[in-house]
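Here are the chains, one letter per residue:
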Amino acid sequence: MARSDFQTLPGTRDLLEPASGRVRTVVSTFAELAEGAGFGQIVTPMFEDVGVFVRLGEASDVVAKELYTFTDKGGRDIALRPEFTASVCRAFVQNRPVTPWKTWYAGPSFRYDKPQKGRYRQFDQVGAEVIGSNDPDVDTELIALAWRFYQRLGLTDLTLLVNTLGDAAERPTYLAALRTYLEANAGELSEQARVTMAVNPLRVLDSKRPQDRAVVEAAPLLGDFLSDDAAAAWERVLGGLDAIGIPYVVEPKLVRGLDYYTRTTFEFTTDALDAAQNAVGGGGRYDGLVAALGGPEEPGVGFALGVDRTVLACEAVGAFGDDEPPVDVWVVATTGGTDGLELVESLRSAGIRADRAYDGRSMKAQMKRADRSGAAIALIVGESEAAAGTVSVRPLRGEAEQAPVDRNEVVNRVAELLAGD
Ligand code: HAM
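Quick look at the structure, then. (Residues numbered from 1 in each chain as written. Predicted model: local features only at pLDDT ≥ 70, side-chain atom pairs only at ≥ 80, totals over all residues. Heavy atoms only, no water.)

1. Re the site of the ligand
Close to the ligand lie 27 residues; Glu 83, Thr 85, Tyr 120, Glu 129 and Tyr 261 are nearest. One nitrogen or oxygen atom from the main chain of Phe 303 is found 3.3 Å from a nitrogen atom belonging to the ligand. Here the ligand loses 95% of its free accessible area of 660 Å² to cover by the protein chains. Those elements that provide at least two residues to the shell around the ligand are strand S6 (122-131), strand S10 (279-285) and strand S11 (300-306). (Near = heavy atom within 4 Å. Polar contact = N/O pair within 3.5 Å; in protein donor to acceptor, adjacent residues only side chain to side chain. Areas by Shrake-Rupley, 256 points an atom, 1.4 Å probe, with all protein chains shown as cover. Helix = DSSP H or I, 4+ residues; strand = E, 2+ residues; numbered from the N terminus.)

Quick look at the structure:
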């Protein structure tokens, strides 16, 4: 089959080294920090009954336009997950873990989005959710976990935007005020904003069109409609961020793209990416979602961070540094026997990272490979070494000379050399 017959579909990519290794670094950094903050991992299926995700809000783009749906052979209506939060809530209702339940996850999500750099149809997220606590300190600790993760990776010039969307109870009063205001100014809004206004006026606040921005500028703010309880919780979140020294910007028009949010919402943006894809992560409270999925009235709060965008942002600021050579030792064997095979396997069994060339290449070609591999040491077995029962150990960096070592001693000698002895 010709090379061009099959290519990855739009918005999907193959990740080869070093990109795949960078994704691994990002995920393992997150896993370590989340586990260290008392979160246990959850793995949920990549596809679920479409109803699980429709709860995210039929007016949101994620549900209305971007869901990958299909009917399986059993006639079930299924969707690929566009995010994890709804699945985590479904899993909570199904498994009833002890509350507060703190869980983290990592893996791909799928959205039929318009592909561009930093925006894909299959993308990876890492995230954390806490179900069963109203304590605003949980919101602050989640923000701190995400913040620490970015700091650990070396993404230090991030902006943390925060907002509160209040409770479901005060939402109708606010929405009525917002709708009245938008209707009074409808003549100045874009066609799209007028359509959005009818379905979910909150989303108009999010419009990036300059024409809409002018109207939105003077719109009533949810912050002015908060109940005493929601206002006190909000003060506590901001006070908590101050207390632990995390800088933030209050953005009263931050509404986020999913409809389940209540109270605290937040987003991390970076100048290292184009404005349309500059959100590297976000989250917030979703106090009604567990109940909407048929569970008890348990509150929830969490975030998801875009792994692909985090990798791009880290690359843009040089946060990954030099990629490490994949192996420490390169085995060069020209005897035609099993010397090369035996040597790499004994090194690998001893936990030493080792590789070799194949297909009976010449000594010269194999040495070239060894040099290019970035390995610190070459082990050489030619006819003379094979006859003497030795291996020539050649340091590939620094001044040290090549030296013969007894075949039975070579793994220990290599381990000493790599340890710097
Ligand atoms: P979200 O804002 O839709 O929130 O996605 C979180 C992050 O995933 C975004 O900030 C972005 O970095 C990344 N992301 C989203 N869509 C794409 C895409 N098409 N290509 C590349 N990266 C993308 C959520 O998913 C919520 N579940 C967050 C949450 C958890 N809220 C509460 N708990």
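2. Re a positive patch on the surface
Residues Arg 361, Lys 364, Lys 368, Arg 369 and Arg 372 make up a contiguous surface patch of positive charge. Inspection of the secondary structure puts Arg 361 in the loop between strand S13 (354-356) and helix H14 (363-373). Judged by its relative accessible area of 47%, Arg 361 falls in the partly exposed class. (Patch = residues over 30% accessible without salt bridge, like charges linked within 9 Å, V, L, I, M, F, W, Y side chains within 5 Å. Salt bridge = Lys/Arg side-chain N within 4 Å of Asp/Glu carboxyl O. Lys, Arg positive; Asp, Glu negative; His and termini not counted. Charge placed at Lys NZ, Arg CZ, Asp CG, Glu CD. Buried < 20%, exposed > 50% of the residue type's maximum accessible area, 1.4 Å probe, protein only.)

3. Examining the nonpolar core
In terms of nonpolar packing, the biggest core is built from 91 residues, with Phe 30, Phe 149, Tyr 150, Leu 160, Phe 268, Phe 303 and Leu 305 touching the most fellow members. Looking at this core element by element, the count peaks at ten residues for helix H5 (residues 136-153). Setting aside residues up to four positions removed in sequence, Phe 303 forms contacts with Phe 30, Tyr 105, Val 126, Gly 127, Ala 128, Glu 129, Leu 142, Leu 145, Ala 146, Phe 266, Gly 282 and Gly 283. Formed by 17 residues, the second largest nonpolar core is a distinct cluster that contains Val 329, Leu 343, Val 393 and Val 411. (Core = buried A, V, L, I, M, F, W, Y, C linked by side-chain atoms within 4.5 Å. Contact = heavy atoms within 4.5 Å.)

4. A closer look at the sheet that holds strand S3 (residues 69-71)
Ordered by their spatial adjacency, three strands build an open sheet running S2-S4-S3, and the pairing between neighbours is antiparallel. Looking along the sheet, the strands with just one partner apiece sit at the ends: strand S2 (47-49) and S3. When strand polarity is set aside, the average angle formed by the axes of neighbouring strands in this sheet is 35 degrees. As paired strands, S2 and strand S4 (residues 77-80) are joined by three bridges and run antiparallel to one another. Bridge pairing in S4 places Asp 49 opposite Ile 78. (Pairing = 2+ DSSP bridges. Axes fitted to C-alpha atoms, helices over the stretch in contact; angles between N-to-C directions.)

5. Quick look at unusual backbone geometry
In this structure, the amide linkage connecting Glu 17 to the following residue, Pro 18, adopts the cis form with an omega of 5 degrees. Secondary-structure assignment places Pro 18 in the segment before helix H1 (19-36). That bond from Thr 99 to Pro 100 is cis: its omega, -10 degrees, falls within 30 degrees of zero. For Pro 100, the position within the fold is in the loop between helix H4 (85-95) and strand S5 (101-110). Positive phi outside glycine occurs at Arg 96, with the angle close to 45 degrees. Structurally, the position occupied by Arg 96 is in the loop between H4 and S5.

6. Some words on the packing of aromatic side chains
The description of an aromatic ring pair rests on the distance of the ring centres and on the angle between the ring planes. The final tally for this structure, using the stated rule, is 14 aromatic pairs. Here the aromatic rings of Trp 147 and Phe 268 are separated by 6.5 Å at their centres, their planes lie at 35 degrees, and the arrangement is tilted. Taken as a pair, Trp 147 in helix H5 and Phe 268 in strand S9 (residues 262-270) lie far apart in primary sequence, 121 residues in all. Side by side, Trp 147 and Phe 268 carry an identical accessibility label, which is buried. Among the aromatic side chains, those forming a connected cluster through ring pairs are Phe 30, Trp 104, Trp 147, Phe 149, Tyr 150, Phe 266, Phe 268 and Phe 303. Between the NZ or CZ atom of Arg 121 and the centre of the ring of Tyr 112, over which it lies, the distance is 3.8 Å. (Phe/Tyr/Trp six-rings, centres within 6.5 Å; stacked < 30°, edge-to-face > 60°. Lys NZ or Arg CZ within 6 Å of the ring centre and 35° of its normal.)

7. Digging into helix H9 (residues 210-217)
Along an α-helix, residues three or four positions apart point the same way, because every turn accommodates 3.6 residues. Those residues of H9 not exposed but buried are Asp 212, Val 215 and Val 216. For H9, the angular spread of buried residues about the axis comes to 100 degrees, placing them on one side. In H9, the exposed positions angled more than 90 degrees off the buried face are occupied by Pro 210, Ala 214 and Glu 217. Contacts made by the buried residues of H9 are with helix H6 (171-184), helix H7 (191-199) and helix H8 (201-204). (Arc of directions from axis to C-beta.)

8. Thoughts on the pairing of strand S15 (residues 390-395)
With five of six residues buried, S15 is to be regarded as a mostly interior element. Sheet analysis places strand S14 (residues 377-381) next to S15, joined by four bridges and oriented antiparallel. Across the sheet, Ala 378 pairs through a bridge with Arg 394, a residue of S15. Where S15 lies against strand S16 (residues 403-406), four bridges are found, and the strand directions are antiparallel. By the bridge assignment for S16, Val 393 is matched with Ala 403.

9. Some thoughts on the pattern of salt bridges
Going through the model one piece at a time under the given rule, you end up with 23 salt bridges. Arg 90 is paired through a salt bridge with Glu 48; the nearest N and O atoms lie 2.7 Å apart. With Arg 90 in helix H4 and Glu 48 in strand S2, this pair connects stretches of sequence that are 42 residues apart. Residue Glu 48 is classed as buried on the basis of its relative accessible area, which comes to 8%. Here Arg 348 ties to Asp 355 by a salt bridge, and the two come within 3.6 Å at their closest N and O atoms. Each of Asp 139, Arg 285 and Asp 287 takes part in salt bridges that share partners, so that together they form one network.

10. Remarks on the sheet that holds S14
Pairing is mixed across the open sheet formed by five strands, whose spatial order is S13-S12-S14-S15-S16. In this open sheet, the two strands that pair with only one neighbour each are S13 and S16. Taking each pair of neighbouring strands and ignoring which way they run, the sheet shows an average axis angle of 30 degrees. Sheet contacts for H14: strand S12 (329-333), S14 and S15; angle to S12, the most-contacted strand, approximately 180 degrees.

11. Observations concerning the side chain of Glu 83
Note that Glu 83 resides in the loop between S4 and H4. In this structure the side chain of Glu 83 is engaged in a polar contact, spanning 2.9 Å, whose partner is the backbone nitrogen of Thr 85. In contact with Glu 83, not counting residues within four places along its chain, are Phe 53, Leu 56, Ser 109, Arg 111, Gln 125, Leu 258 and Tyr 260.

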